[in-house]
Amino acid sequence: MTHDHPAAPDRGASRPFGRLLTAMVTPFTDDGSLDLDGAVRLAAHLVDEQGNDALVLNGTTGESPTTTDAEKETLIRAVVEAVGDRAKIVAGVGTNDTRHTIELAASAEKAGAHGLLVVTPYYNKPPQSGLLRHFTAVADATGLPIMLYDIPHRAGVAIATDTLVRLAEHGRIVAVKDAKGDLTATSWVLSRSDLAFYSGEDALTLPTLAVGGVGLVGTSTHFIGAPAKQMIEAFDAGDTATALALHRRLLPLLTGIFRTQGVILVKAGLAAKGLPAGPVRPPLADATADELAQLRADCAAAGLELPE
């Protein structure tokens, strides 16, 4: 017996960075310096084994607050050279200083990045007119497509619906990493613009798809990239039952990876799997034995074995 589903709309053109992206951690050596060989190996694993269409480098999960501008550029060059022929490399360049963000955007473009992730300026809490000016200035200064990153619980200020709709008019502002957790606001932006929305909260991927989103920029996807992508593809194909079953199966890790700051548990889990990770840089703190044990339990609940 066959089930006829209506043909899924071809939204390829509105999926500028594919379906699945991982905000990659930045591997460090034991002494805390940049591990470029490890970064290349991890990037290849995420693309070739976990099915990522793109990688985000130098985001908060990549410990961007504690890596230098030079380290950021070196990392982009190495990863673009390693996997840039089969995945898009999106560089995090957002800061709370417009001039510095433009400098990082120029550096990332020069290093071969395919796109930019630009977070809302944090801590200094600009008004919406300031956000409009900031994002527009960055977009004007680069030739690369831009994904805005709306994460009010970290930035201290949300990008308002009207601001997002106005920013969508810029030819290079093409996508949003949506960590606002407000699907009503997301729905309004999607109904009034052609921005591609990627869930910036792993567990909200399926609900975001349901209101018109196109994919995920994930953290747990260091470990469950393949089934997360399968969930997105099932939804796209109209097989919502399979998508929902995968959402429920993966939920313990979609949420569990954030029991503490995400990079802490990702690095602990990668180390357990024998993949490059290394320590975190202060002020972050490496996972405790109890946190690692809880991560193992969360992985097991999601059907994934994390080696002892």
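Residues numbered from 1 in each chain as written. Predicted model: local features only at pLDDT ≥ 70, side-chain atom pairs only at ≥ 80, totals over all residues. Heavy atoms only, no water.

Colleague: What's the story with the overall build of the protein chain in this structure? I'm lost.
Modeller: If you tally the helices and strands in the protein chain, you get twelve helices and eight strands. Against the globule reference of 19 Å for 308 residues, the protein chain gives a C-alpha radius of gyration of 18 Å, in line with a compact fold. The principal-axis extent of the C-alpha atoms belonging to the protein chain is close to 60 × 50 × 35 Å. In the protein chain, buried positions account for 54% of the 308 residues. Here the analysis covers contacts within the protein chain between residues at least 6 apart in sequence; of these, 70% occur between residues at least 24 apart. Counting only carbon and sulfur atoms, one obtains 52% of the accessible surface of the protein chain, whose full area is about 12900 Å². (Helix = DSSP H or I, 4+ residues; strand = E, 2+ residues; numbered from the N terminus. Rg over C-alpha atoms; globule rule 2.2 N^0.38 Å. Buried < 20%, exposed > 50% of the residue type's maximum accessible area, 1.4 Å probe, protein only. Contact = heavy atoms within 4.5 Å. Areas by Shrake-Rupley, 256 points an atom, 1.4 Å probe, with all protein chains shown as cover.)

Colleague: What is the right way to look at helix α7 (residues 183-192) in this model?
Modeller: Since the α-helix turns once every 3.6 residues, residues separated by three or four places project in the same direction. Of all the positions in α7, only Ala185, Thr186, Val189 and Leu190 are classed as buried. Buried positions in α7, seen along its axis, are confined to an arc of 135° and lie on one side of it. Summarising the geometry of α7, the exposed residues directed more than 90 degrees from the buried face are Thr184, Trp188 and Ser191. Against α6 (161-167), β6 (173-178) and β7 (196-199) lie the buried residues of α7. A side-chain oxygen of the first residue of α7 lies 3.2 Å from the backbone nitrogen of threonine 184; this N-cap is aspartate 182. (Arc of directions from axis to C-beta. Polar contact = N/O pair within 3.5 Å; in protein donor to acceptor, adjacent residues only side chain to side chain.)

Colleague: Help me out: how do you make sense of the pattern of salt bridges in this one?
Modeller: Two side chains that carry opposite charge are able to pair once their charged atoms sit near each other. Applying the stated criterion across every chain yields a total of twelve salt bridges. Aspartate 236 is the partner of arginine 15 in a salt bridge, and the nearest nitrogen-oxygen pair spans 2.6 Å. Of this pair, arginine 15 sits in the segment before β1 (20-23) while aspartate 236 sits in helix α9 (residues 221-236), placing them 221 residues apart in sequence. When sorted by exposure, arginine 15 lands in the same class as aspartate 236, which is buried. Between aspartate 53 and lysine 229 there is a salt bridge; the shortest N-O distance is 2.9 Å. (Salt bridge = Lys/Arg side-chain N within 4 Å of Asp/Glu carboxyl O.)

Colleague: Please explain the environment of alanine 141 as it appears in this structure.
Modeller: The residue alanine 141 is located in the loop between α4 (128-140) and β5 (146-150) in this model. Placed 157 residues apart in sequence, alanine 141 and aspartate 298 show a C-alpha to C-alpha distance of 43 Å.

Colleague: How do you make sense of the sheet that holds strand β3 (residues 88-92) when you look at a structure like this?
Modeller: Note on sheets: strands pair through backbone hydrogen bonds, and any given pair is parallel or antiparallel. With parallel pairing, eight strands are arranged side by side around a closed barrel as β1-β2-β3-β4-β5-β6-β7-β8. Between one strand and the next, the sheet's axes are offset by a mean angle of 25°, whatever the strand orientation. (Pairing = 2+ DSSP bridges. Axes fitted to C-alpha atoms, helices over the stretch in contact; angles between N-to-C directions.)

Colleague: Looking at this structure, how should I read the packing of helix α11 (residues 262-272) against helix α12 (residues 289-301)?
Modeller: Describing two packed helices takes the angle between their axes plus the distance from one axis to the other. Across the interface, α11 lies against α12 with an axial gap of 10 Å and an inter-helix angle of 75°. Comparing the axis directions of α11 and α12 gives the class roughly perpendicular. Together, Ile264, Leu265, Ala268, Gly269 and Ala272 of α11 and Glu291, Leu292, Leu295 and Arg296 of α12 make up the contact between the two elements. Considered class by class, the residues forming the contact of α11 with α12 number six nonpolar, one polar and two charged. (Parallel < 35°, antiparallel > 145°, perpendicular 65-115°, else oblique. Nonpolar A, V, L, I, M, F, W, Y, C, P; charged D, E, K, R; others polar.)

Colleague: So what exactly am I meant to see when it comes to the UniProt feature "site: Part of a proton relay during catalysis" (unreviewed entry) in the protein chain here?
Modeller: As annotated by UniProt and renumbered to match this structure, "site: Part of a proton relay during catalysis" (unreviewed entry) occupies Thr60 and Tyr123. Examined against the element boundaries, threonine 60 turns out to sit in the loop between β2 (54-57) and α2 (69-83). In this structure threonine 60 comes out as partly exposed when scored by relative accessible area, which is 31%. In this structure, threonine 60 is in contact with Pro65, Arg154 and Gln261, ignoring residues within four places of it in sequence. With respect to the secondary-structure elements, tyrosine 123 resides in the loop between β4 (115-119) and α4. Residue tyrosine 123 is classed as exposed on the basis of its relative accessible area of 76%. Setting aside residues up to four positions removed in sequence, tyrosine 123 forms contacts with Asn96 and Ala155. (UniProt positions renumbered as here; feature names shortened; annotations may be inferred.)

Colleague: Hey, could you run me through the UniProt feature "binding site: pyruvate" (unreviewed entry) in the protein chain in this one?
Modeller: As recorded in UniProt, the sites labelled "binding site: pyruvate" (unreviewed entry) are Thr61 and Val217. The named residues occupy 157 residues along the chain; their greatest pairwise C-alpha distance, 11.0 Å, places them in one compact cluster. For threonine 61, a relative accessible area of 15% gives the class buried. By relative accessible area, which is 1% here, valine 217 ends up buried. In this view, valine 217 contacts Leu21, Ala23, Val56, Met147, Lys177, Tyr198, Ser199, Gly200 and Asp202; residues no more than four positions away in its chain are not counted.

Colleague: Any chance you could explain unusual backbone geometry here in plain terms?
Modeller: With glycine set apart, most residues show a phi of negative sign, and most peptide bonds adopt trans. Here the bond from proline 282 into proline 283 is cis, since omega is 20°, no more than 30 degrees from zero. Looking at where proline 283 falls in the secondary structure, it is placed in the loop between α11 and α12. Phi at glutamate 63 takes a positive value of approximately 60°, unusual for a residue other than glycine. Take glutamate 63: it is sitting in the loop between β2 and α2.

Colleague: What am I meant to see in the side chain of aspartate 236 here?
Modeller: Using a relative accessible area of 12% as the deciding quantity, one classes aspartate 236 as buried. One polar contact links aspartate 236 to arginine 15, side chain to side chain, over a distance of 2.6 Å.

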